[in-house]
Amino acid sequence: MPAITPLDPEYDIVMYLSGGTFIGCLVVLFLIGVLTTQVNSYYVYYKDDKLSLRVAIGILYLLAVIKAMQSFEILWVHYILWGQDPVGAISRPTPWYEMASVPLGAIIGFYVQSYYLYRLWALSKKWWVPVPVALVMLLGVLMGIISAILNKTSRISNTVFAIHTDCTFIADVLITLLSVFFLVRAKRHVLSRSTDLVNSLIKLSFQAALPASACAFTLLVAARVSKALTTDAATAIILVLLHVLPLVYCNSMMYLLNTRRSLQLGSSTHMSSSTGHQSRPTRVGRRTGTSGNPDVELGVLSGIQVHTQVDTVADVLSRDQFDNKAPLEPSDDETSKGHSKNIMSFASP
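Here we summarise the structure given alongside this text. Remember, it's a predicted structure, so these values are computed and weren't measured experimentally.

The rules behind these values
- Residues numbered from 1 in each chain as written.
- Predicted model: local features only at pLDDT ≥ 70, side-chain atom pairs only at ≥ 80, totals over all residues.
- Heavy atoms only, no water.
- Helix = DSSP H or I, 4+ residues; strand = E, 2+ residues; numbered from the N terminus.
- Expected span 1.5 Å × (residues − 1).
- Buried < 20%, exposed > 50% of the residue type's maximum accessible area, 1.4 Å probe, protein only.
- Core = buried A, V, L, I, M, F, W, Y, C linked by side-chain atoms within 4.5 Å.
- Contact = heavy atoms within 4.5 Å.
- Phe/Tyr/Trp six-rings, centres within 6.5 Å; stacked < 30°, edge-to-face > 60°.
- Lys NZ or Arg CZ within 6 Å of the ring centre and 35° of its normal.
- Axes fitted to C-alpha atoms, helices over the stretch in contact; angles between N-to-C directions.
- Parallel < 35°, antiparallel > 145°, perpendicular 65-115°, else oblique.
- Left-handed = near helix turned anticlockwise from the far one by under 90°.
- Patch = residues over 30% accessible without salt bridge, like charges linked within 9 Å, V, L, I, M, F, W, Y side chains within 5 Å.
- Areas by Shrake-Rupley, 256 points an atom, 1.4 Å probe, with all protein chains shown as cover.
- Salt bridge = Lys/Arg side-chain N within 4 Å of Asp/Glu carboxyl O.

Re helix 5 (residues 101-124)
Point 1. Helix length check: helix 5, at 24 residues, gives a terminal C-alpha distance of 34 Å against a target of 34 Å (1.5 Å per residue), a fit within 8%.
Point 2. Of all the 24 residues making up helix 5, 18 are buried; the element is thus mostly covered by neighbouring parts of the structure.
Point 3. Just downstream of helix 5 lies Lys125, where phi reads positive at about 55 degrees.

See below:
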C-alpha cells in the first residue's frame, strides 16, 4: 500500500498512533543509554554496598533492558517490516510483545516504588506507615496486568487502565510527601550545622520524584481524557508515556543512589568548616561513596545526629553510629538504635 496522505480518512489515527509509538520507543532507547551509564557508575563507586542492593540494581537493569528490547522490536516491526503499509501496521492483531507494554511498565514501576517504600520505612521506623502506600501500589500493578488481559477495546479495560494510572500517581505522591515529612521532623533533632545536609536530602527527595511523578500525572490525565472523549491526541500521549515512564523510574532510582557520593563529600566540606576541625583527606575512588557499614545512604545522616562530641569529619563519613550518640527520635526501648542507624541508609537496603 502506498504511503497515506492527509486526504486519507485514516491519516489522523495513523499519525497519532504510529507517531506516539515511534517517539516513545526512541526515547526509551535513549534512556537505556543514560541508565547504563548510571548503573556503571554505581558499580564502580559503591563496591561496599550490601550484596542484596547490588543484586537489586542488577535486576532493575535487566528489567530495563527487556523494556528496551521490546521497544526496539516494536520499532522494527512497525517501521521496517510494515513501513510501507502504516494502516496495516496498526490494523493487524496486536502481538503479545506489544500487549506486554502496560504489565511490564507496571512491574518496573512497582519495583522502583518498592525501593522508595523501603526508604520510607527506614526513615520512619514505623511498620504501619508504608502499609497503606503498599496497598495502593499492589492495586496499581494488579490493574495494570488485568488491563492487558482484557480486550483492549472494551470499556472495562479502559476503566481498569485508568485505575492503574491513578494508583501509580497516588503512590508516588504519598511516598514523596511522607519521606519529606519525616525528614523535616528529623531536622529538629540534628545540630544546626547539619541542617544543610538534611535540607539537601529533602531537596533530593523532590528531585528524584519529580520526573516520574510528572509523567505519571500526565499519563493519568491523558487516560481520563481518552476514556471520556476518545481523542487521538490523548491516545498518542498515552503511548509515549507507556514506553517512557518505566525508564524514567529506573533513572530516578539510580540518580538517588549515585548522589550519595556528592552528598558525603559536600557534608565533609561543610562540617569541617563549621567545626573548625581539619578533616582527613577523603579517598576518592571505589570506596568514596560508601562507608565500612553497608547501610550508608541514610548512614550519613546518622553521623549528623545529636552528638556530644565529634572527633573528626572523617568519623562522621565513615561510621553509621558513634559511641556517644542520641537517636533522632526518643524511644522507649532499644529499637531506637535501628532508627538512628538508618536515617541516611534509606537509599541502601
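Having put the structure on the table, let's press on.
Describing the nonpolar core
Point 1. Among the nonpolar cores identified, the biggest contains 59 residues, and Leu35, Ile57, Met253, Met254 and Leu257 are the most heavily contacted of them.
Point 2. Listed by contribution, the elements that provide at least two residues to this core are helix 1 (11-45), helix 2 (51-81), helix 5, helix 6 (130-149), helix 7 (155-187), helix 8 (195-229) and helix 9 (232-258).
Point 3. Counting residues per element, this core draws most heavily on helix 9, which supplies 13 residues.
Point 4. Apart from residues no more than four positions distant in its own chain, Met253 is found in contact with Ile57, Leu60, Val112, Tyr115 and Tyr116.
Point 5. By size, the runner-up hydrophobic cluster in this structure holds five residues, among which are Cys25, Ile74, Val77 and Tyr97.

Structural notes on the packing of aromatic side chains
What characterises a pair of aromatic rings is the spacing of the ring centres plus the angle enclosed by the ring planes.
Point 1. If you walk through the whole model with that rule in mind, you get nine aromatic pairs.
Point 2. On the basis of an interplanar angle of 20 degrees and a centroid distance of 5.7 Å, the ring pair of Tyr42 and Tyr46 is categorised as stacked. Pair check on accessibility: Tyr42 and Tyr46 agree, each one buried.
Point 3. Note on Tyr118 and Trp121: the rings are 5.8 Å apart at their centroids and 40 degrees apart in plane angle, and the pair reads as tilted. Within this pair, Tyr118 and its partner Trp121 are both found in helix 5, separated by three residues, close to a single helical turn.
Point 4. Through pairs of rings, three or more aromatic residues link up here, namely Tyr42, Tyr43 and Tyr46.
Point 5. Seen from the ring of Tyr46, Arg260 lies directly overhead, with NZ or CZ sitting 4.1 Å from the centre.

What about the packing of helix 2 against helix 9?
Point 1. Remark: helix 2 packs on helix 9, axes separated minimally by 10 Å, with the N-to-C direction vectors making an angle of 155 degrees. When the interaxial angle is binned, helix 2 and helix 9 end up roughly antiparallel. The handedness of the crossing between helix 2 and helix 9 is left-handed. Contacts between helix 2 and helix 9 involve Leu53, Ile57, Leu60, Ala64, Lys67, Gln70, Ser71 and Ile74 from the former and Leu242, His243, Pro246, Leu247, Cys250, Met253, Met254 and Leu257 from the latter.

Remarks on unusual backbone geometry
Point 1. Backbone geometry places Lys125, a non-glycine residue, at a positive phi of 55 degrees.
Point 2. Within the secondary structure layout, Lys125 lies in the loop between helix 5 and helix 6.

Let's talk about a nonpolar patch on the surface
Point 1. Taken together, the side chains of Phe22, Ile23, Leu26, Leu29, Phe72, Trp76, Ile80, Leu81 and Trp82 make up a nonpolar region of the molecular surface, amounting to roughly 860 Å² of accessible area.
Point 2. Those elements that provide at least two residues to the nonpolar patch are helix 1 and helix 2.
Point 3. One can find Trp82 in the loop between helix 2 and helix 3 (86-91).

Concerning the pattern of salt bridges
Point 1. Applying the stated criterion to the full structure yields two salt bridges.
Point 2. A salt bridge links Arg260 to Asp49; the nearest nitrogen and oxygen atoms lie 2.7 Å apart. Taken together, the residues Arg260 in helix 10 (residues 260-275) and Asp49 in the loop between helix 1 and helix 2 connect sequence positions 211 residues apart.
Point 3. A residue is classified by how much of its surface remains accessible, and Asp49, at 5% relative accessible area, is buried.
Point 4. Between Asp166 and Arg224 there is a salt bridge; the shortest N-O distance is 2.2 Å. Taken together, the residues Asp166 in helix 7 and Arg224 in helix 8 connect sequence positions 58 residues apart.

The values are spatial; any link to function lies outside them.
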